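Here's the letter readout for the chains.
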Amino acid sequence: MEQSKWGSKLGFILAAAGSAIGLGALWRFPYMTAEHGGGAFLLVFLIFTLVVGLPLLLSEFVIGRASGRNPIDGFEYLGGKKGYRVLGWVGNIATMFLLSFYSVIGGWILIYLVVAGADLLNIMNISSYGATFNEVITNPLYALLGQASFMLLTAVIVGQGIQQGIERASKIMMPLLFILFVIIIIRSLTLPNAMEGVSFFLTPDIGGITTEAILFALGQSFFALSIGVTAMMTYASYLDEKQNLTKSALYIVLMNVTISIMAGLAIFPAIASLNVENAEGPGLVFVVIPEVFNAIPFGMLFYILFLLVFLFATVTSSISMIEINVANTIKGDESKRKKVTYIFAAIIFLIGVPSALSEGVLNDVVFFAGTIFDNVDFLVSNILLPVGALIASVFTGYIMDKRMAMAQVNVSDGSKYMWLFKTWIFMLKFLLPLIIIIVFIVNFTPGG
Ligand code: PHE
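All of these numbers come straight from a predicted model, not from anything done at the bench.

Rules behind the numbers
Residues numbered from 1 in each chain as written. Predicted model: local features only at pLDDT ≥ 70, side-chain atom pairs only at ≥ 80, totals over all residues. Heavy atoms only, no water. Helix = DSSP H or I, 4+ residues; strand = E, 2+ residues; numbered from the N terminus. Rg over C-alpha atoms; globule rule 2.2 N^0.38 Å. Buried < 20%, exposed > 50% of the residue type's maximum accessible area, 1.4 Å probe, protein only. Contact = heavy atoms within 4.5 Å. Areas by Shrake-Rupley, 256 points an atom, 1.4 Å probe, with all protein chains shown as cover. Core = buried A, V, L, I, M, F, W, Y, C linked by side-chain atoms within 4.5 Å. Near = heavy atom within 4 Å. Polar contact = N/O pair within 3.5 Å; in protein donor to acceptor, adjacent residues only side chain to side chain. Nonpolar A, V, L, I, M, F, W, Y, C, P; charged D, E, K, R; others polar. Axes fitted to C-alpha atoms, helices over the stretch in contact; angles between N-to-C directions. Parallel < 35°, antiparallel > 145°, perpendicular 65-115°, else oblique. Left-handed = near helix turned anticlockwise from the far one by under 90°. Salt bridge = Lys/Arg side-chain N within 4 Å of Asp/Glu carboxyl O. Phe/Tyr/Trp six-rings, centres within 6.5 Å; stacked < 30°, edge-to-face > 60°. Lys, Arg positive; Asp, Glu negative; His and termini not counted.

Trainee: Help me out: how do you make sense of the overall build of the protein in this one?
Mentor: The helix and strand tally for the protein stands at 18 helices and zero strands. A compact globule built from 448 residues would reach a C-alpha radius of gyration of about 22 Å, and the protein, at 21 Å, matches this within 12%. With the C-alpha coordinates of the protein rotated into their principal frame, the extents come out at 65 × 55 × 40 Å. Per-residue burial over the protein gives 58% buried out of 448 residues. Relative to all contacts within the protein whose residues are 6 or more apart in sequence, the contacts with residues 24 or more apart total 83%. Within the structure as shown, the protein displays about 17500 Å² of accessible surface, and the carbon and sulfur contribution to it stands at 68%.

Trainee: What exactly am I supposed to notice about the nonpolar core here?
Mentor: In a soluble, globular protein the nonpolar side chains are often hidden away together inside. Formed by 150 residues in total, the largest nonpolar core has its most connected members in Phe-61, Tyr-303 and Phe-310. Once you skip the residues sitting within four places of it in the chain, Tyr-303 turns out to touch Tyr-112, Ala-116, Phe-133, Phe-286, Ile-289, Pro-290 and Phe-293.

Trainee: Please explain the site of the ligand as it appears in this structure.
Mentor: Among the 15 residues in the neighbourhood of the ligand, the closest are listed as Ala-20, Gly-24, Tyr-102, Phe-223 and Ser-226. The backbone of Gly-24 places a nitrogen or oxygen atom 2.9 Å from an oxygen atom of the ligand. With respect to the ligand, the side chain of Ser-226 contributes an N or O atom lying 2.9 Å from a nitrogen atom. Surface burial for the ligand is 100%, taken as the share of its 320 Å² of free accessible area covered by protein chains. Only α1 (9-20), α2 (23-35), α5 (85-120), α10 (211-225) and α14 (299-330) provide two or more residues apiece to the shell around the ligand. Per-element accounting of the shell around the ligand gives the leading share, three residues, to α14. Taken together, the residues of the shell around the ligand break down into nine nonpolar, six polar and no charged.

Trainee: Sorry if this is basic, but what is going on with unusual backbone geometry here?
Mentor: Glycine aside, negative phi is the norm for most residues, and most peptide bonds take the trans geometry. Phi at Asn-193 takes a positive value of approximately 70 degrees, unusual for a residue other than glycine. According to the relative accessible area criterion, Asn-193 is partly exposed, its value standing at 48%. Phi at Phe-298 takes a positive value of approximately 55 degrees, unusual for a residue other than glycine. Within the secondary structure layout, Phe-298 lies in the loop between α13 (284-294) and α14.

Trainee: Hey, could you run me through the packing of α5 against helix α16 (residues 372-399) in this one?
Mentor: Any two packed helices are characterised by how steeply their axes cross, that is the angle between the axes, and by the distance between the axes. Running from amino to carboxyl end, α5 crosses α16 at an angle of 150 degrees, the nearest separation of the two axes being 9 Å. Taken together, α5 and α16 sit at an angle that is classed as roughly antiparallel. In this structure, the crossing between α5 and α16 has a hand that is left-handed. Contacts between α5 and α16 involve Leu-87, Val-90, Ala-94, Phe-97, Leu-98, Ser-100, Phe-101, Val-104 and Ile-105 from the former and Phe-373, Val-376, Asp-377, Val-380, Ser-381, Leu-384, Ile-391 and Phe-395 from the latter.

Trainee: Looking at this structure, I do not really get the pattern of salt bridges. What am I missing?
Mentor: Where charged atoms of side chains with opposite charge meet at close range, the side chains can pair. Inspection of every chain in the model, using the stated rule, returns eleven salt bridges. Between Asp-73 and Arg-85 there is a salt bridge, with its nearest N and O atoms 2.9 Å apart. Here Asp-73, found in helix α4 (residues 71-79), pairs with Arg-85, found in helix α5; they are twelve residues apart in sequence, far enough to count as distant. For Asp-333, the salt bridge is made with Lys-336, and the minimal N-O distance between the two is 3.7 Å. The class of Asp-333 is buried, set by a relative accessible area of 18%. Salt bridges here are not isolated pairs; linked through shared partners, they connect Asp-73, Glu-76, Lys-82, Arg-85 and Lys-331.

Trainee: Whenever I open this one, the packing of aromatic side chains confuses me. Can you help?
Mentor: How two aromatic rings sit relative to each other is given by the distance of their centres and the angle of their planes. Following the criterion strictly, the structure yields 27 aromatic pairs and no others. Centroid distance Phe-200 to Phe-268: 5.4 Å. Interplanar angle 55 degrees. Geometry classified as tilted. Pair noted here: Phe-200 is in helix α9 (residues 194-202) and Phe-268 is in helix α12 (residues 245-273), with a separation of 68 residues, a long-range link. Its relative accessible area of 36% is what places Phe-200 among the partly exposed residues. Phe-268 gets classed as buried once you look at its relative accessible area, which sits at 2%. Relative to Phe-444, the ring of Phe-378 lies with its centre 6.2 Å away and its plane at 90 degrees, an arrangement referred to as edge-to-face.

Trainee: So what exactly am I meant to see when it comes to the side chain of Glu-359 here?
Mentor: One can find Glu-359 in the loop between α15 (337-357) and α16. Here Glu-359 occupies a buried position and makes no salt bridge, while the nearest side chain of opposite charge, Arg-28, is found at 12 Å. If we skip the residues at most four places from it in the chain, Glu-359 touches Trp-108, Ile-137, Thr-138 and Pro-282.

Trainee: Quick question: what am I supposed to make of the packing of helix α3 (residues 39-67) against α4 here?
Mentor: Between α3 and α4, whose axes approach to 9 Å, the crossing angle comes to 85 degrees. Looking at the two axes, α3 sits roughly perpendicular to α4. In contact with Ile-63, Ala-66 and Ser-67 of α3, α4 contributes Gly-74, Phe-75, Tyr-77 and Leu-78. Classifying every residue of the contact of α3 with α4 gives five nonpolar, two polar and no charged.

Below you can see the structure in the form of structure tokens.
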């Protein structure tokens, strides 16, 4: 059955950028940076994003549009063998685990919105946001309620069909996100001791880079660009031939890096300056940012605005995740969309329950990478996403027809960009698989 298409060129860019920009840049990047060495982490992350992420993003776009199908059917179609369907399944399953913990954080944002709203309306009186919010997210009932509401919100939007509304809303929300960040950064940078935080964030201590930090930086670069779970493939499958894929990929990488750095500049000076309790781990952004707003006139209003935009950025990412499952299942038959969406949302919610409880009642269950939440995140970001990325790389490099790939990036024989195309294919064939495999070997060799 024929798949539906994006409304316009801008529509695709906004949707793909919306998928990329989300918790990865705004929530995960700052605490990963804090945990894995500051400036050195930033540097490795930037290198991976440009050298590994960009070519891979393009390859997902190319696979997606060339196939014009959901990823599972698409791999079979382009590879010519039934066996390739399994590659699509990897993304399909990985994305369910991804959304299972992503929705926990999405739920926190919803809870914070309610709490901040209650404070603004004087229903509640909050003296320390950090402490209050911490209390709220450790409460199992609130955590689950938040997560369930977030999944419902995601499902309602995806159930409608993803084009409608997103395009229009993005045009307002994305610039607003940017402006709010500029405000936070200005306030953060003018706090006492701010420069200490800036230097932690921007000065790389090369000697301090650990192999573990490199693994996390790799995972973060995939996470932030939505690479490795066939999300970008799915979005690109709704494209017509007019869109320039190379430019779109560049544009998205640029926006994503900018937002990540802005998030760092907002957070690190504030950490250095304000003595905030629990300023670490997944709660970092949630306890530090409100304190910065606290130091701004009408801070509560701005904070609520910030949370709304934050929520929007998060939802535009979560919808791209569940869309993969929906696309793989409905195969273009839009009449099944609603039902399928709600079924997946329910399953993903259930998978996420242990993660949702891991800040609270299950907080003592700690193994390998940390809490249950940390472990699911580790499994997805540091293992499944790189494996998915490897698949996209090898598939485009070795299996997909080169002529078809050339057509997707508008290169023909004798064109002046042929060298770029060849470099890209070379990277996908050799360099990127090598990088991913080496990072894996170094990190997962017992005793290593
Ligand atoms: N890039 C999204 C974010 O940063 C997360 C994501 C990963 C979305 C993979 C889709 C696929 O929030």
